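Overview (structure and organization)
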Amino acid sequence: MLSLLLLFTSQSAPKPETLTPTEYLVIAAGARAGRTPVRTDPVEALIVSGQWQTPEAGQKLPGTQTAWEKVAAGKDGSISHRALRGGYALWKVESPTPRTMVLEARGHGLVYVNGQPRAGDPYGHGYLAIPVQLKQGLNQFLFAGGRGAITPTLRPPTGVVEIAPSDATLPDLVENRQGSEIAGVVVRNCSPAPLADALLTATLQGATRSVKIPPVPAHGLFKVPFQFDHPSLPKGPAKLEVTVTSAALQARETATFPLEVKPPQATRKSTFQSGIEGSAQYYGFVPATTNPPSAEKPGLILSLHGAGVEGIGQAATYSPKPWAHVVAPTNRRAFGFDWEDWGRMDALEVLDLNQKKLDTDPAKTWLTGHSMGGHGTWHIGVTFPDRFGAIAPSAGWISMFSYAGAKRAEPRSPVEQILNRASNPSDTLGLVRNIANRGVYILHGDADDNVPVDQARTMRSTLADFHPDFAYHEQPGAGHWWGNACVDWPPLTRFLSEHPRPAPEASLSIDFRTFHPGISSRMAWAEIHTQAQWGQLSSIQLKADPAGKKITGTTANVTRLALRNPGWPQTANWSLSLDSQTIPLTAFEKNQPIHLVRAADGWKTQQTPPPADSKKPGRAGPLKEALRRNMVYLVGTAGPDEETQANWQKARYDAEVFYYRGNGAIEIRTDTDWLQNPAAFKGRNLVLVGNEDNNQAMAALLKTSPLRVRRGKIEWPGKSAEGPNLAAVFVRPMPDDPDGSIVIQAGTGPEGIRLNQRISLWLSGSSFPDFFVYNPTMLQKGPEGILTTGYFDSNWQWSPDQTNNP
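Residues numbered from 1 in each chain as written. Predicted model: local features only at pLDDT ≥ 70, side-chain atom pairs only at ≥ 80, totals over all residues. Heavy atoms only, no water.

A count of helices and strands for the chain gives 13 helices and 46 strands. The C-alpha radius of gyration of the chain comes to 27 Å, within 12% of the 28 Å expected for a compact globule of 806 residues. Expressed as lengths along the three principal axes of its C-alpha atoms, the size of the chain is roughly 85 × 70 × 55 Å. Put simply, the chain has 806 residues, and 60% of those count as buried. Across the chain, the fraction of contacts at a sequence separation of at least 24, relative to all contacts at a separation of at least 6, is 71%. Carbon and sulfur atoms make up 49% of the accessible area of the chain, which amounts to about 29600 Å² in all. (Helix = DSSP H or I, 4+ residues; strand = E, 2+ residues; numbered from the N terminus. Rg over C-alpha atoms; globule rule 2.2 N^0.38 Å. Buried < 20%, exposed > 50% of the residue type's maximum accessible area, 1.4 Å probe, protein only. Contact = heavy atoms within 4.5 Å. Areas by Shrake-Rupley, 256 points an atom, 1.4 Å probe, with all protein chains shown as cover.)

As C-alpha cells, this is what we get:
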C-alpha cells in the first residue's frame, strides 16, 4: 500500500483550552504494510535510526525525489485527502512550559509524540483519548494515517486522574435479582509519574466494593476490570458510581454510569472477566423461552456479528427460541480480530462460560454468523468441528486470502515459505473436510455488493465434492443486509435444531485435519499433540470397531497422538493398526488416554503423558497463541535510561493498541516486581520486554533457550548477529509450569527496541511462527531484513530444517 507523508502546524486554537492544526504538508513516502510481520516504511526507518528531522515545505524525503506540499486544514483542524490512507501527518505544537495534555484524534493508525509511539484510532470511534507530555518549546505529533480523514485535538486534562465517561463495559441487570457483576471503566493517568497506589470503589444502591488498580504507567491508561454488588432492583434505570483515589497523586475522581434493569426474559448484555488478560468483556444474550418448561436441557446458538456491529446488536436480531439460548460474543470489539486470533479466543471463551452457566446440552451447540461473522463461522467451524452440531454462515467470506486482503507470497525464498506456513491456520479451504459429518447451511443474498455471492458459491461447489448433508439458499434480489431475516432466518435456525452433534462414542470414524495443534488439536476421541513439520497440515483418519475391539487408521505429519475411550464398554485387549503397524493395547479405559509417540522405527505407546517441557496442545506456540492466560508484561529496567524508556514505551504502546482493538486490559509490571515475588505471577503467561542485559526476568527465565538476545548481539545455534539495532520476537515454554508460555519482545539496543515497537502482533491475520528475528533493512527492503524465522521442534529445541536458514 502506497504511503504518503503529511505535515501540519498549529498557529491558533479555536478556544484557549484546546489546540488544533491549521495546515498540512503532504508527501508520498512509499510505506507498505499488511497482514504480515514484514513491513517497509522509510519514515519509520528514520525514527528507528534516530535520524528523523522535522521537515519543511519543499524538502524531499531522504532517498526520494518526492517533496512536501502544503494543504489547508478544515475549520475543525481535520483533513480529508487521498494521502491520509496509509500516510503520515506531522503537527508541530509550541508549548511555553512543560505540561500534560490529552490527545483526542480520529482516523490515524498511530502517532509518535516526540518520538514515542502511541495508539491510533483508525476506525474513528472517538473513545481513544491519550494523556501526553508536552515539553517546553517545540513538540512533534507524527501521525500515521488510518482509513481516511484525521481529526486531532489537544485539550487539558480534567484532573491528575480521569475516569473516561465513554467506552465502559457494563452489564444489564435482571429485575428482582440481587448479586454481583463484572464491569470495566477506563482510567487515565494524566501525571508524569506512575499511578501505583490507586483504588477504585464502585457503589450501587448503598452496596460498595473496592479493588486496587494495577500500576498505570505515566501518561498511560488502563481499562480497570472490577466487580460490583447490587441489591434486588425493579425494572428500569439504575446508576453505578465509580470513584478512583490516589494518595500519592492526591487525586480523587468520581463518575456515574447508567445501567438498565431488565426482565429475566429480555435480550440483554452479560459480562465476565476474561482469562486472556483479566479484562471485563460482555456478550449479548437472548434467553430461551420457558413456556412450557421442558425436562430437556436447552441448546445454545453461538452467533457472530459482522464488522462494525456490537454483540448486543447481533443478539437483538433474534426472536427468542423455545429450544435454545442465543449467545453473541463481541470479537473483543465491533471490528476486533475478524473472529481470528483473540476474536476466536473470545468466541470459545464465551461458549465455554455459557455451556457451564446455562447448563446446556453439549450436543445441541450450533454456530452461525453474518458477514465478518459468517467468515468467523467458517473459520471457527472448520477449526473446531468437535464443538458444534452444525454451522450456518450468512453472507460470509471464506478466508483472509479470499476477501480480507491477506496475501500469500509466492514461496520464492525460505523466508516466504516459513511465513506462508505461519498463515496456514487461516486457510478455511485447507480444513474444510473437518465438517464432513457436521450440518452446514449457507445463506447469501444474490445481489450482495459487500461480500460477493461468489464466496458462497465457491463453498457450495467445494462441499458438493464430499459433503452429504448441507443446504444452500440464495435470497433473490437481496443485498448484504436484508433485515433481521438474514440472521434469524427460519429455515436456517430450523436446520440447526435438526442437527445435534454426534456423541463421541457414536463417532466411529474420524477424519480430522489441523495446521497447528497449538490452535486446534481434537476430534471426538483422538487428539494430535505434536507435528513433524510445525505449521504444515497434519491429519488423522481413524475407524473404531468397539465390538471387535480394534482401531485402524493412518496419520500424516503427526509425531504424538492421544486416544481416549469415550465410553465403549470394552476396555481390555484392543488392537491398534496405525500406518500399517499393529500395536496391542492391553487396556483402553474410559478417560485414561493412551499416548502414542512416533519414533524412527514406528509408533510406540507411552504409559505417561509427554514430558512437561515438550510442546502440547495449549502450550505449543505459535507466537500469538501465547498472548493469553492472564498475560502480564514485564518491562526491563536494569539497563541504561534510554533502553529502559524504550522498553516502557513499547509496553505502553502494546497495551494501548490491545485496549483499542481488543477492549483489552494488559497489566504492565517490571522485571524487579517478578524478581521480588515470582509466586505472584504463577499461572500467568509472561511477556518480557528488553534483552537479557536489561530485563532480569529474561535473564533468569531463558537460560535454556537456543535463541538469546543480549545488548548488542543475538545468538542462535551456529550463528549470531551484532549491532544495537536488531530485534526479535519469540515464544518459549515457562520453566516449572507445564501450561505456561513466555513471549519475548527483544531489542539489542535502543534502535532495536524501537524497531520492535510497531511489529504487527495485534493485527488480525498477521501470522507469526515461533520466532522472528530481523534488522532495520526490513523497513527498506522487506524480507531481506529477516535474519532468521521458523519453528522450534516438539521439545522446544532448535530445528534447522524448520527455519529459513538451515
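The rest of the description comes next.
Position of Gly690 among the secondary structure elements: in strand E39 (residues 686–690). Residues Gly690 and Gly747, 57 residues apart in the sequence, show an inter-C-alpha distance of 5.9 Å. Not counting chain neighbours up to four residues away, the residues in contact with Gly690 comprise Asn647, Met698, Gln745, Ala746 and Gly747.

The omega angle of the peptide bond from Gly621 to Pro622 is -10 degrees, so this bond is cis rather than trans. Here Pro622 lies in the loop between strand E36 (602–606) and strand E37 (632–635). Although it is not a glycine, Ala524 adopts a positive phi angle of roughly 55 degrees. With respect to the element layout, Ala524 can be found in the loop between strand E28 (522–523) and strand E29 (526–530).

What follows deals with the side chain of Thr271. Looking at the secondary structure, you find Thr271 in strand E19 (residues 268–273). A polar side-chain atom of Thr271 sits 2.6 Å from the main-chain carbonyl oxygen of Ile182. Not counting residues up to four positions away in its chain, the partners in contact with Thr271 are Thr169, Leu170, Pro171, Glu181, Ile182, Gln281 and Tyr282. (Polar contact = N/O pair within 3.5 Å; in protein donor to acceptor, adjacent residues only side chain to side chain.)

All right, on to the sheet that holds strand E22 (residues 324–328) then. Taken together, the eight strands give an open sheet; going across it, the order is E19-E20-E22-E21-E23-E24-E25-E26, and neighbouring strands pair in mixed fashion. A single partner strand is all that each edge strand has here, and the edge strands are E19 and strand E26 (470–475). The sheet shows a mean angle of 20 degrees between the axes of neighbouring strands, taken without regard to direction. Strand direction decides the pairing type here: strand E20 (residues 280–286) and E22, joined by three bridges, are antiparallel. Paired with Gly284 across the strands is Ala328, a residue of E22. This element, helix H4 (residues 372–383), spans strand E21 (299–304), strand E23 (365–370), strand E24 (390–394) and strand E25 (439–445) of the sheet and lies at about 145 degrees to E23. Of the strands in this sheet, E25 and E26 are in contact with helix H7 (residues 454–464), which crosses E26 at around 155 degrees. (Pairing = 2+ DSSP bridges. Axes fitted to C-alpha atoms, helices over the stretch in contact; angles between N-to-C directions.)

As a further point, take the nonpolar core. Counting 109 residues, the largest nonpolar core has Leu103, Phe141, Phe143, Leu154, Leu686, Trp762 and Phe772 as its most contacted members. No other element matches the seven residues that helix H9 (residues 641–662) contributes to this core. Counting 36 residues, the second-largest nonpolar core is a separate cluster that includes Leu302, Val327, Ile435 and Ile442. (Core = buried A, V, L, I, M, F, W, Y, C linked by side-chain atoms within 4.5 Å.)

Another aspect to go through is the pattern of salt bridges. All chains considered together, the criterion is met by 40 salt bridges. Between Asp386 and Arg438 there is a salt bridge, and its shortest N-O distance comes to 3.8 Å. Of this pair, Asp386 sits in the loop between H4 and E24 while Arg438 sits in the loop between helix H6 (428–431) and E25, placing them 52 residues apart in sequence. Its relative accessible area of 17% is what places Asp386 among the buried residues. Members of the salt-bridge network, linked through shared partners, are Arg39, Asp41, Glu44 and Arg758. (Salt bridge = Lys/Arg side-chain N within 4 Å of Asp/Glu carboxyl O.)

Most of strand E44 (residues 741–747) sits inside the fold, with seven of its seven residues counted as buried. Both faces of E44 are covered, namely the face carrying Ser741, Val743, Gln745 and Gly747 and the face carrying Ile742, Ile744 and Ala746. As judged from the five bridges shared by E39 and E44, these two strands associate in the parallel manner. Directly across from Leu686, in E44, lies its bridge partner Ile742. Summarising the sheet, strand E43 (residues 727–733) and E44 pair through seven bridges and their orientation is antiparallel. What sits directly across from Val729, in E44, is Gln745.

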